[in-house]
Amino acid sequence: MTTAIELAAAIKRGERSAVSVAEEAFAAISARDGEIHAFLSLGQDHAMEAAARVDAAVAQGAPLGPLAGVPVALKDNMCTKGWETTCASKILEGWKPPYDGTVVERLHAAGAIVVGKTNLDEFAMGSSTENSAFGPTRNPHDLTKVPGGSSGGSAAAVAAGFVPLSFGSDTGGSIRLPAAYCGTVGLKPSYGFISRYGLVAFASSLDQIGPFTTTVADAALSMEVVAGYDPKDATSINEAMPDFTGALSKGVEGLKVGVCADLLDGAAPDVARRVAEAAAVLEAAGATLVEVAVPELKLGLSAYYLLAPAEASSNLARYDGVRFGLREERDDVVAMNTATRTAGFGAEVKRRIMLGTYALSAGYYDAYYGKAQKTRTLILHALDRAYESVDVLLGATTPTTAFGFGDKVADPMSMYLSDLFTIPSNLAGHPAISVPFGTGDDAMPIGVQVLAPGKRDDLCLQVAAVLEAGAPR
Amino acid sequence: MSEPLLTTADVAHVAKLARLELTDEELATFTDQLSQVLEHASDIAALDLDGLGPTAHPFGLTNALREDVVTEVSMRDDILAAAPAVEDDRFKVGRILGEAP
């Protein structure tokens, strides 16, 4: 598989045409996406026109963006002007946003070619893509396994070699988990580093957009393109971004790596073994390993599954059949609202809306929502303390490798437990990256996770680059 | 497992607040599943966190203000075009208030 950086360089030098690269991507998709189902919709006409414009710019010697001619896929919860954006929900089926999200605008400006919108768990709620209203995505490494979720389509699109770069969103692990299951790099940036303008809201205080790539260097380049202040997102961080690409060559000499048992507790033996090997790679490269206990992290799951549904119940109140999306017509407006939401939302979305409504309701607000918000503070303080003695934390991304279809659907709590190791970074707003690191006993990919303090995404990339170089082949 | 934390009546009430209609079967399943999540959350419900404030934004960002200037063109036509029903450039819905006495 050619990386985004290699493709952009070959196109710039005139060795490849952007049109031929795009044609190749669509040919690969048409050959294999019938069985994988990474994509919900394709934008072939616009993509070919955009590719032709890149080729014309190359021919004229005009300046090119850093991703000129690189095919990119976007999770279908990112608004694309005039292009159906469904969130894999019947309630938004057919809805065409009136504007492009900031990430989409920045990708266009960088010359990237958006080839399609990818499948997800409905409204990004899930860990397997089985909650998509339009059918699940299958793991390209084994079609009987889930790709993980919620950004399963974006992970599968990169793992299948359809595109070198895709974007997903991560509210409790929805980039890192599918990246681990599909054997790609997946970065959840610091909260506020990438604009959420045009990302359909799930849990606004936790949602963050990030890239899936085959290499750590591509993840760094994509951050250079899309990260940075955006006045259209009130939670955007208005500070200079770290040097993402410069971090790649720094190595880990002298770095203190916290090996965190609380990011391993409950992991399958094959996963735990790979994390130990990853620690050894970092030590051999000059890092100092420090055992760190952060027992508060395991409280994150409970806090998350109250906070995220609470925010979702509020965010998803907008789907009322009045202004966009589905409407089930009834004589009076409350009956219409109810019929529309009942017909439009799937079971998991209904479950979370009800959980959130309950957690926010009179008499339970302090016990559940209030307690969860304070637990978030507790976890932030615990991580701050840990980072007084180490530079980064190392652990597993997921407790196991990819599971089979139907294994967890009937038992939501077991599905939620898949997010145990990824949730703390969302609650803290900190960056974390999943790097492919060998396979498990079932020959499926395993990801190891590097967590860094807030706004130190460069540290994640720096350590990830060393892990990538030392990963088992 | 001890007494379920939720009754079907609780869940039926919440569904009404959330404008969702559940079948009897869904009501029973959701009551069981939501109880399990709340059961798991008992680990934080039991914590003494009185000394801690709540966190809603990890970096303590507060209001973001900007100059009051026009920065984008109106998307009115595109927005109305995406609506299920429109009349005279307004969103159209059915009856909101009850019948006149």
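Computed from a predicted model, the values in this text were never measured in an experiment.

Cut-off values and rules
- Residues numbered from 1 in each chain as written.
- Chains lettered and ligands numbered in written order.
- Predicted model: local features only at pLDDT ≥ 70, side-chain atom pairs only at ≥ 80, totals over all residues.
- Heavy atoms only, no water.
- Salt bridge = Lys/Arg side-chain N within 4 Å of Asp/Glu carboxyl O.
- Helix = DSSP H or I, 4+ residues; strand = E, 2+ residues; numbered from the N terminus.
- Pairing = 2+ DSSP bridges.
- Axes fitted to C-alpha atoms, helices over the stretch in contact; angles between N-to-C directions.
- Contact = heavy atoms within 4.5 Å.
- Buried < 20%, exposed > 50% of the residue type's maximum accessible area, 1.4 Å probe, protein only.
- Lys, Arg positive; Asp, Glu negative; His and termini not counted.
- Polar contact = N/O pair within 3.5 Å; in protein donor to acceptor, adjacent residues only side chain to side chain.
- Buried area = accessible area lost by both parts, 1.4 Å probe.
- Nonpolar A, V, L, I, M, F, W, Y, C, P; charged D, E, K, R; others polar.
- Expected span 1.5 Å × (residues − 1).
- Core = buried A, V, L, I, M, F, W, Y, C linked by side-chain atoms within 4.5 Å.
- Patch = residues over 30% accessible without salt bridge, like charges linked within 9 Å, V, L, I, M, F, W, Y side chains within 5 Å.
- Areas by Shrake-Rupley, 256 points an atom, 1.4 Å probe, with all protein chains shown as cover.
- pLDDT = per-residue confidence, 0-100.
- Disulfide = S-S within 2.5 Å.
- Phe/Tyr/Trp six-rings, centres within 6.5 Å; stacked < 30°, edge-to-face > 60°.
- Lys NZ or Arg CZ within 6 Å of the ring centre and 35° of its normal.

Some remarks on the pattern of salt bridges
Residue and element names in this part refer to chain A. Tallied over the full model, the rule gives 21 salt bridges over all chains. When the shortest N-O distance is used, the salt bridge between D142 and K145 registers 3.8 Å. E296 serves as the salt-bridge partner of R385, at 3.4 Å between the closest nitrogen and oxygen. Highlighted residues: R385 in helix α12 (residues 366-389) and E296 in the loop between β8 (288-292) and α9 (300-315), separated in sequence by 89 residues. What you see here is one network of salt bridges that share partners, running through D142, K145 and D442.

Comments concerning the sheet that holds strand β10 (residues 432-439) of chain A
By definition, the strands of a sheet pair up through backbone hydrogen bonds, in either a parallel or an antiparallel sense. Residues and elements named next belong to chain A. Strand order in the open sheet formed by eleven strands is β1-β3-β2-β4-β6-β5-β10-β11-β9-β7-β8, with mixed pairing between adjacent strands. Edge strands, defined here as strands with exactly one partner in the open sheet, are β1 (39-42) and β8. Across the sheet, the mean angle separating the axes of adjacent strands is 30° when strand polarity is ignored. This element, helix α3 (residues 44-60), spans β1 and β3 (113-118) of the sheet and lies at about 155° to β3. Sheet strands in contact with helix α5 (residues 152-159) are β1, β2 (71-75), β3, β4 (165-169) and β6 (209-213), and its direction is about 165° off that of β4.

Observations regarding the side chain of R341 of chain A
Following the sequence through the fold, R341 of chain A ends up in helix α10 (residues 333-344). Lacking a salt bridge, the buried R341 of chain A has D320 of chain A as its closest oppositely charged neighbour, with an N-O distance of 7.3 Å. In terms of polar contacts, R341 of chain A uses its side chain to reach the backbone carbonyl oxygen of L316 of chain A, at 2.8 Å. Dropping the residues within four chain positions of it, R341 of chain A is found in contact with I91, L316, A317, Y319, K350 and I353 of chain A together with A18, R19 and L20 of chain B.

A look at the side chain of N426 of chain A
All names here are of chain A. Following the sequence through the fold, N426 ends up in helix α14 (residues 423-428). A residue is classified by how much of its surface remains accessible, and N426, at 2% relative accessible area, is buried. Once residues lying within four places of it in the same chain are set aside, the contact partners of N426 are D170, T171, G172, G173, R176, K188, L206 and R376.

Describing the interface of chain A and chain B
Listed by partner, the interface residues are 64 residues for chain A and 49 residues for chain B. Of all residues in chain A, M354, K371 and K374 of chain A bury the most surface against chain B, accounting for 13% of the area lost on that side. For the pair chain A and chain B, the number of links is zero salt bridges. Seen at the junction of chain A and chain B, the total is 14 residue pairs in polar contact (both at pLDDT 80 or more). If you list the elements that add at least two residues to the side of chain A that touches chain B, you get α9, α10, α11 (347-360), α12 and α13 (412-416) of chain A. Sorting elements by how many residues they give to the side of chain A that touches chain B places α12 of chain A first, with eleven residues. In terms of residue class, the side of chain A that touches chain B is made up of 33 nonpolar, 16 polar and 15 charged.

Brief notes about α10 of chain A
Residues and elements named next belong to chain A. Under the 1.5 Å per step criterion, the end-to-end length of α10 is 16 Å for twelve residues, consistent within 8% with the ideal 16 Å. Of all the residues in α10, the buried ones are V333, M336, N337, T338, A339, T340, R341 and G344. Packing partners of the buried residues in α10 comprise α11.

Quick notes on the nonpolar core
Residue and element names in this part refer to chain A. Core analysis: the biggest nonpolar cluster contains 175 residues, and L67, L107, F123 and L467 have the highest contact counts within it. If one sorts the elements of this core by residue count, α12 sits on top with ten residues. Among residues more than four places away in sequence, those in contact with L467 are A278, V281, L282, L394, V435, F437, V448 and V450.

Considering the environment of A261 of chain A
Relative to the helices and strands, A261 of chain A resides in the loop between β7 (256-260) and α8 (269-284). For A261 of chain A, a relative accessible area of 47% corresponds to the partly exposed category.

Quick look at a nonpolar patch on the surface
Residue and element names in this part refer to chain B. On the surface, I79, V86 and F91 cluster together to form a nonpolar patch covering roughly 220 Å² of accessible area. Within the secondary structure, V86 sits in strand β1 (residues 86-87). What makes V86 partly exposed here is its relative accessible area of 37%.

Side note on the confidence of the model for chain B
Looking at chain B as a whole, its pLDDT mean stands at 89, while 93% of the residues score no less than 70. Predicted complex metrics record ipTM = 0.93 and pTM = 0.97.

Digging into the state of the cysteines
All names here are of chain A. On inspection of all chains with the given rule, the structure shows zero disulfides over all chains. Here C79 is not disulfide-linked; the sulfur of C87 is the nearest cysteine sulfur, at 7.5 Å. The thiol sulfur of C182 is not disulfide-bonded, and the nearest other cysteine sulfur, from C87, lies at 20 Å.

A closer look at the packing of aromatic side chains
Residues and elements named next belong to chain A. Within this structure, the stated rule accounts for 14 aromatic pairs over all chains. Centre to centre, the rings of Y181 and F403 are 5.9 Å apart; their planes meet at 90°, and the pair counts as edge-to-face. Taken together, the residues Y181 in helix α6 (residues 176-182) and F403 in the loop between β9 (392-396) and α13 connect sequence positions 222 residues apart. Comparing Y181 with F403, the two get one shared label, buried. These aromatic residues form a ring-pair network of at least three members: W95, F123, Y319, F324 and F345. If you follow K408 out to its NZ or CZ, it ends over the ring of F403, 4.6 Å from the centre.

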